[in-house]
Structures are given as structure tokens and as C-alpha cells.
Amino acid sequence: MKTSLELRGFAKEFRGETLDRPVFANKQLLILATMVCAALAHCFSLGVAAIGFSAVAILIYLFLDVDQCLISLYVCLPFFNVMTIAVGTTSLYYLLVIIFIAKFVTSKRAGVGRNKIVLLLCVVLFTLGNIDDLSKYVRWIIVFIPLVLTFNTTILSKNLVALITWYSVSSILSTCFGYYLSEHGLLALTSSYVYTEGGNLNRFGGLVGDPVMFSETLVLLFACNIVLMLKGEGAKWTGLIAIGLAVPCALSYSKSALLLIAALVLFSIAYLMTHQMLKRETILKGIFALCLIALAIIAVVIYASSNQAGDLMSGLMRRFESNDLTTGRLALWSAYWSWLQSQDIFANLFGVGFSAYSETAFPYAGILLNRCHNVYLETWILFGGVGAVAAIGALSACVVKALMRKVELAYFIPLLILAVFGIVLHGHTESFYYFLWIIALGMVRMPGSAAKRQRVQNGA
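Here the structure is a predicted model, which is why all the values come from computation and not from measurement. (Residues numbered from 1 in each chain as written. Predicted model: local features only at pLDDT ≥ 70, side-chain atom pairs only at ≥ 80, totals over all residues. Heavy atoms only, no water.)

Let's shift gears to the confidence of the model for the chain. A residue-level look at the chain finds 83% of positions with pLDDT of 70 or above and a mean pLDDT of 82. Within the model, the stretch residues 9–25 combines pLDDT values under 50 with 19 contacts to residues more than four positions away or in other chains. Long-range and interchain partners of residues 448–460, a stretch whose pLDDT sits below 50, account for 15 contacts in this model, where long-range means more than four residues apart. (pLDDT = per-residue confidence, 0-100. Contact = heavy atoms within 4.5 Å.)

Between helix 8 (residues 154–183) and helix 19 (residues 433–444), the least distance of the axes is 10 Å, while the angle of their chain directions is 125 degrees. Judged on the interaxial angle alone, helix 19 and helix 8 are oblique. Considering how the two elements wind past one another, helix 8 and helix 19 form a crossing that is left-handed. Residues L156, L160, L163, I164 and Y167 of helix 8 form the contact with helix 19, whose participating residues are L436, I438, I439, G442 and M443. Looking at the contact of helix 8 with helix 19, its residues break down into 9 nonpolar, 1 polar and no charged. (Axes fitted to C-alpha atoms, helices over the stretch in contact; angles between N-to-C directions. Helix = DSSP H or I, 4+ residues; strand = E, 2+ residues; numbered from the N terminus. Parallel < 35°, antiparallel > 145°, perpendicular 65-115°, else oblique. Left-handed = near helix turned anticlockwise from the far one by under 90°. Nonpolar A, V, L, I, M, F, W, Y, C, P; charged D, E, K, R; others polar.)

Since the α-helix advances by 3.6 residues per turn, residues separated by three or four positions end up pointing in the same direction. The terminal C-alpha atoms of helix 10 (residues 238–252), which comprises 15 residues, lie 22 Å apart, in line with the 21 Å expected from a rise of 1.5 Å per residue. Three or more residues of helix 10 are buried, namely T238, I241, A242, L245, A246, P248, C249, A250 and S252. Phi turns positive, to about 55 degrees, at Y253, one or two residues after helix 10. (Expected span 1.5 Å × (residues − 1). Buried < 20%, exposed > 50% of the residue type's maximum accessible area, 1.4 Å probe, protein only.)

Here we come to the packing of helix 9 (residues 211–230) against helix 18 (residues 413–421). The contact between helix 9 and helix 18 brings their axes to 9 Å, and the two run at 160 degrees. When the axis of helix 9 is compared with that of helix 18, the two are roughly antiparallel. Where helix 9 crosses over helix 18, the handedness of that crossing is right-handed. Residue-level contacts link V212, S215, E216, V219, L220, A223, C224 and V227 of helix 9 to I413, P414, I417, L418 and F421 of helix 18. Taken together, the residues of the contact of helix 9 with helix 18 break down into 11 nonpolar, 1 polar and 1 charged.

What follows is the structure in C-alpha cells.
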């Protein structure tokens, strides 16, 4: 009996339920260390070791409370593709999501209401007609459920700042491993190039593998960190973290990412000049921030002017000098829409199904359906017109409610980032996509002062 009580006490202490002296002051750091070890294992082609370290992370995860599980879910997300025996095979990350769902549903503090359960049942019933590939459907529903469960919850709003910080740091670290694995031919996910006269340049996609999806994640996190920094709600090193997220975007050669980062920098300048520099208590911070931004811009200009012949600058110039900045997407979208109109009424109303979406060669230069490069078209193809209208309607309702609460427009920026990226990128079948929406929707529901007070109370 004594041994059993001691074990229960250890478990409570590990989860942080006893606040006097927790065994591990920072569980996220421990989880991140296991992910780094898993990535290192893949660097030496030790897939079995990577599975072992991933299993250790899962074991630790089992002892965490629901708040820590939510944050740790994002700590592991950038390392999704190394939580497996071979890059590109099914990841053990899905087990983490299943554990999180179980903990969230059974948590008294989470308080999952009847409405969310009914909504999830309706989604399952609506999409049952598209289960022509059970494994793909199960992977999709597993990553979709947390979006519904965490929406408009205190657990998300209370932990959002810490979640963004840890996700950002983990993304930067995973980018380093992604670069090593890509350079050594160990990351065989997708191949994308910039075609130049001097030869084809590889577009960097981090551990995500796809350069545009990789850059979407970095730009969203960059936007979140910028907003938190401007609102005084971020961590001490939020500005440096933002820079660490922005730099790799250049290696992805993503026009959308670079243009959005430039727009975010201009927004930051305008915000500092119209907010902080007009207040006596924040004017020095505003001036200091403007000086840092100016130095960063000067450094970029100096680098660009002195390295015009280098691969990076020549590749970027090639991308922006193209006569068609959409890279053929307009013709592609038109062809997809024509193809949709030729399908039967069921496909147009309820979608073509997960198997057809991933495997059917759509009659336009032999391209697969899942290469539509437009999440709005993808939603229509995968879930039909009914699903597309329902998704856009639900998102519009969230935006309208936030506007009615008079949420400051700065908090809408991450949501806008995802909406803009949706024009040039698909996402529903990607492992990380809904987790980005959790953050974006969490931002518009995070009142600044309340978040700041909660962070102080938590000692973050």
C-alpha cells in the first residue's frame, strides 16, 4: 500500500498537481529533448532508435495533465516526420493526438459540452459517404477532432502564449535538422525546384518536406510572435524567435511567404508609430523596436546587393521576375473547376472521397486531384459544396462574433495569413493544417489583458 501511495504521489508531482517542488520543472523541455534525439537518430539512419525516443516521449506524455499535453502536442508537431522508423511512413504522432483527445474529453476542467459532441457526430455522419479509404479517413478525423474540442476553451486561451513560444522554438530546431537531412538526401518527401539558367535549385521544406507548407507554418508563427510582441504579451525573446522563423522562408523560395513577411514588417512599423510611440510609457520601447527593424532591413538590403550572383538571390529574383507570378495556378484552377462541373451531383454536393482525392489523376497534364494548390477548391473537391459552405459559414461566424466583441484587429492577422495561404495551398489532408487553425482561432478569442494576467499568474 505504501508503495502504491508513493507512486501516485510521484505521478501527481510529475504532472505538476503538487506545486511545491515538481520533479520536472519543465516537461516541454524534456519532450523537446526526446524529439531532438529522434531527429538525430534519423541523421545517422537509425530508424529504430528514432522509434525508441518517440516511444519515450509518448510515455512521458501519458503522465502530463491536459494543459501540458496541449503544449507538448505542439512541441512534437514540427518533428512529425521523424517520429517514425523511416521518413514518410506513418508517424507515432497520431498516438499523441489520440492520448490528448482522451485526456481532454475526460478532463473535468475541459468540460466538453454536448454541442461539441453533437457537432463531431454530425461531421462523422456527413463524411461517412467519403470513406473509400479507411486509413486516410481515420488519420484525417484524428487531427480534426482537436480543432473542435479546443475551440473557445479556457485551456487553449490560458496556454496559447506558451504554446506559440514552444511551437516556434521547436520549429526553429526542427528546421536545422530538416536542412541536414535534405542536404544529405535523407528526407525523401517531396521535391520542388526553382528552374534557373545556372541550374535547378532545391526549394527547402524543413522537416515538413513541402516548401510552401513549411513556409506557411513559419509565417503563421512569425505573425503570432509579432502580434504578441507588439501587444507586450510574448516571451522575453519573442523578437529573436520571430527572426529565427523568418530567415528560413527565403530558402523555401515561396513568394507568398516573403510577401506576407514584408507586409507584417510594414504593419509592425505602422503599429509602433501609431500606438507605442504616442504613449509616454512605451515610447522608448517603440523607438528601440523601430531601430531593430531598421537594422534588420538594412542587413537584408546589404546582403541582397552584395550577393546578387549567389544561388539564393538569383533564385529569388527568378521567382519574382516571372511573367506569371501565380506559377500557372490560374489555368490550373480553371481546369479544376471545369472538371468539377463535369462530375455527378453526389460528388459536387458531398465530395469525391479521400481515396479518389489522393490517387485519381485529374485530366490536366496528368496531375493528381490533391495538387489543386487552393484550399478552397480542395474543400469543395474533398467535402463537396455542402461541406465547403458549412466550413466557410462556420469560419465567418467566428470572425463576426470576434468583431462584435471588439477584438483588436491585430489579433486577426494569423487568421488572415491562413486565409491568404489558402489561395495558393491545399491543407485538409496535411497532418499539421488543423493545428494551425487552432492557433489562429485561439488568437482572435484571446483578450489581451486577460491573457497577460493569466500568464503572470502561471509564472510564464
